[in-house]
Every structure is written in structure tokens, then in C-alpha cells.
Amino acid sequence: SEQFLSSSQQQSSSFAGIEPWYRELLTKRLTKCHHTSTFFHYFLPHKQCRNKERFGKCDDGAKWLCLDKFQGRTTKRAAALKQKCIIYSFGSSDDSCFETAVAERFDCEIHIFDPTSSELKDPRWTYHSYGLGGADPSITSYWDWRTQKPANCSACPMKNLKDIMKELGHSHVDILK
């Protein structure tokens, strides 16, 4: 861990080309990184694309999007179907900075799903108090990234993706977070 931190700090010049607010966040977090899950906060997106952007000026809630397939304010697929683009955001942890940033930029239908957060109210999205489960929605065990241990939320209602899409009347999802 210490070896990674010192080598990462030495490579801070490799942050060239990253927006100043994000460079500052990385530098600050690298000096106090004590958690293995934060390791992945310090890298550019894995998929290379010509037009990539990080949405949300916050700590953990911000996410990278590849915008190569976006045309104006919607996706090519949504435009062909004459629909708004559709975004499903699973797991908010009471942080809607990503969804807020996307809503400010794109005219998309946004759905936030999280059975463990308080309701995130905003007219630009719909909040659902259930989570994404597997084939058997009664299984509520998951990996807690904060504690890095298995956890269970027996009081958390879950649905699988197929049932969610059917319930909401969607044949596709443009962005799945």
C-alpha cells in the first residue's frame, strides 16, 4: 500500500490532461488513501474513446462516460426510436452528483435505484427504493465496497433487470451505472 502511494504520488505529473478539479481531488485522495477500493479512483476510463468525460464534481459518485455514440442530447439508438435516452443508475449511496451532472447536459429519462438510500428527490429523475438483484430477487447478499466484506440487506427489496425494464416499459437502456 505504501509503495503504491509513493509511486502514485511520484507520478502526479501523469495527471496532465485531467481537469484541474479532478487532479486536485486525486492528489488529495492519494495522500490519505487507506482503502483498497479507492485504488480505482485514480485511473482514466479503461475503454478508450475519442470523447470521454467525467460527470459529477464529487468524490465517489462521479463516473466517466464515453460520449462517442451520443448525438446532441440523446443517443443514436434513442433518436432512431424517437425516444429520450434512458439511464438506469443502481446504487446511489445518497449521492446524486452523477445524475445531476448528466441531467444538466442531456435530455434523458433517468432512474435511480437504491433500497439503502433515502429518497433522492428531483424532478429530473425518478427514484426507486429497490435494488438490482439477480435471477432470484430474494437473495439480498452483496459485497460492501466500504468494508470490503460480504454483507446482507434482508429488508432490501430487489428486482432483476428484465423485470425492471418490463415494469418501466423500456426495450433498451442507453447508460447502465
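Residues numbered from 1 in each chain as written. Predicted model: local features only at pLDDT ≥ 70, side-chain atom pairs only at ≥ 80, totals over all residues. Heavy atoms only, no water.

### Side note on helix α4 (residues 97–105)
Working step 1: Extensive coverage of α4 is indicated by the burial of 7 of its 9 residues.
Working step 2: If you check which residues of α4 are buried, you get Cys97, Phe98, Glu99, Thr100, Ala101, Val102 and Ala103. (Buried < 20%, exposed > 50% of the residue type's maximum accessible area, 1.4 Å probe, protein only. Helix = DSSP H or I, 4+ residues; strand = E, 2+ residues; numbered from the N terminus.)

### Brief notes about the nonpolar core
Working step 1: One finds Phe55, Leu65, Ile87, Val102, Phe106, Cys108 and Ile110 to be the most contacted residues of the largest nonpolar core, which totals 17 residues.
Working step 2: For this core, the secondary-structure elements that each account for two or more residues are β5 (85–90), α4, β6 (108–113) and β7 (125–128).
Working step 3: Considering each element in turn, this core owes the most residues, 4 residues, to α4.
Working step 4: When near neighbours in sequence (up to four residues on either side) are disregarded, Leu65 contacts Asn51, Lys52, Glu53, Phe55, Phe98, Val102 and Ile175.
Working step 5: In this structure, Ile86, Tyr88, Ile164 and Met165 belong to the second largest nonpolar core, which totals 7 residues. (Core = buried A, V, L, I, M, F, W, Y, C linked by side-chain atoms within 4.5 Å. Contact = heavy atoms within 4.5 Å.)

### Considering the confidence of the model for the protein chain
Regions with low pLDDT should not have their predicted coordinates read in detail.
Working step 1: Residues of the protein chain with pLDDT of at least 70 account for 65%, and the chain-wide mean is 75.
Working step 2: The secondary-structure element of the protein chain with the lowest mean pLDDT is helix α1 (residues 2–10), recorded at 42, while helix α5 (residues 161–168) shows the highest, at 95. (pLDDT = per-residue confidence, 0-100.)

### A look at α5
Working step 1: Taking the backbone nitrogen of Lys162 as reference, a side-chain oxygen 3.3 Å away marks Asn160 as the first, capping residue of α5.
Working step 2: One or two positions beyond α5, positive phi appears at Gly169, with a value near 75°. (Polar contact = N/O pair within 3.5 Å; in protein donor to acceptor, adjacent residues only side chain to side chain.)

### Focus on the state of the cysteines
Working step 1: All told, the structure shown has 2 disulfides when counted by the stated rule.
Working step 2: Across a sulfur-sulfur distance of 1.7 Å, Cys85 and Cys108 are joined as a disulfide pair. Between Cys85 and Cys108, the disulfide has an S-S torsion of -65° and is therefore left-handed. Residue Cys85 is located in strand β5, and its partner Cys108 is located in strand β6; the two are separated by 23 residues in the primary sequence. Accessibility classification places Cys85 together with Cys108 in one group, the buried group.
Working step 3: Here Cys153 engages in a disulfide with Cys156; their sulfurs sit 1.6 Å apart. The sign of the S-S torsion, about 55°, decides the handedness of the disulfide formed by Cys153 and Cys156: right-handed. Taken as a pair, Cys153 and Cys156 share a single burial class, namely buried. (Disulfide = S-S within 2.5 Å.)

### Remarks on the side chain of Ser92
Working step 1: Structurally, Ser92 can be placed in the loop between β5 and α4.
Working step 2: For Ser92, a relative accessible area of 5% translates into the label buried.
Working step 3: When sequence neighbours within four positions are dropped, the list of residues in contact with Ser92 reads Ile112, Phe113, Asp114, Ser117 and Leu120.

### Thoughts on the packing of aromatic side chains
Think of a pair of aromatic rings as described by two things: how far the centres are apart, and how the planes are tilted against each other in angle.
Working step 1: Under the definition given, this model contains 5 aromatic pairs.
Working step 2: Centroid distance Tyr88 to Phe113: 5.3 Å. Interplanar angle 70°. Geometry classified as edge-to-face. Taken together, the positions of Tyr88 in strand β5 and Phe113 in strand β6 put the pair 25 residues apart, joining distant regions of the chain.
Working step 3: You can call Tyr88 buried: its relative accessible area is 0%.
Working step 4: Cluster of aromatic residues (ring-pair linked, three or more members): Tyr88, Phe90, Phe113 and Tyr130.
Working step 5: Between Lys159 and the ring centre of Tyr130, over which it is positioned, the NZ or CZ distance is 4.2 Å. (Phe/Tyr/Trp six-rings, centres within 6.5 Å; stacked < 30°, edge-to-face > 60°. Lys NZ or Arg CZ within 6 Å of the ring centre and 35° of its normal.)

### Thoughts on the sheet that holds β5
Working step 1: With parallel pairing, the 4 strands of this open sheet are ordered in space as β7-β6-β5-β12. The strands lining the two open edges of the sheet, one partner per strand, are β7 and β12 (175–176).
Working step 2: Sheet topology places β6 next to β7; 4 bridges connect them, and they run parallel. When the bridges of β7 are listed, Ile112 appears paired with Tyr127.
Working step 3: This element, α4, spans β5, β6 and β7 of the sheet and lies at about 170° to β6.
Working step 4: The strands touched by α5 are β5, β6 and β7; relative to β5, the strand with the most contacts, the crossing angle is about 135°. (Pairing = 2+ DSSP bridges. Axes fitted to C-alpha atoms, helices over the stretch in contact; angles between N-to-C directions.)

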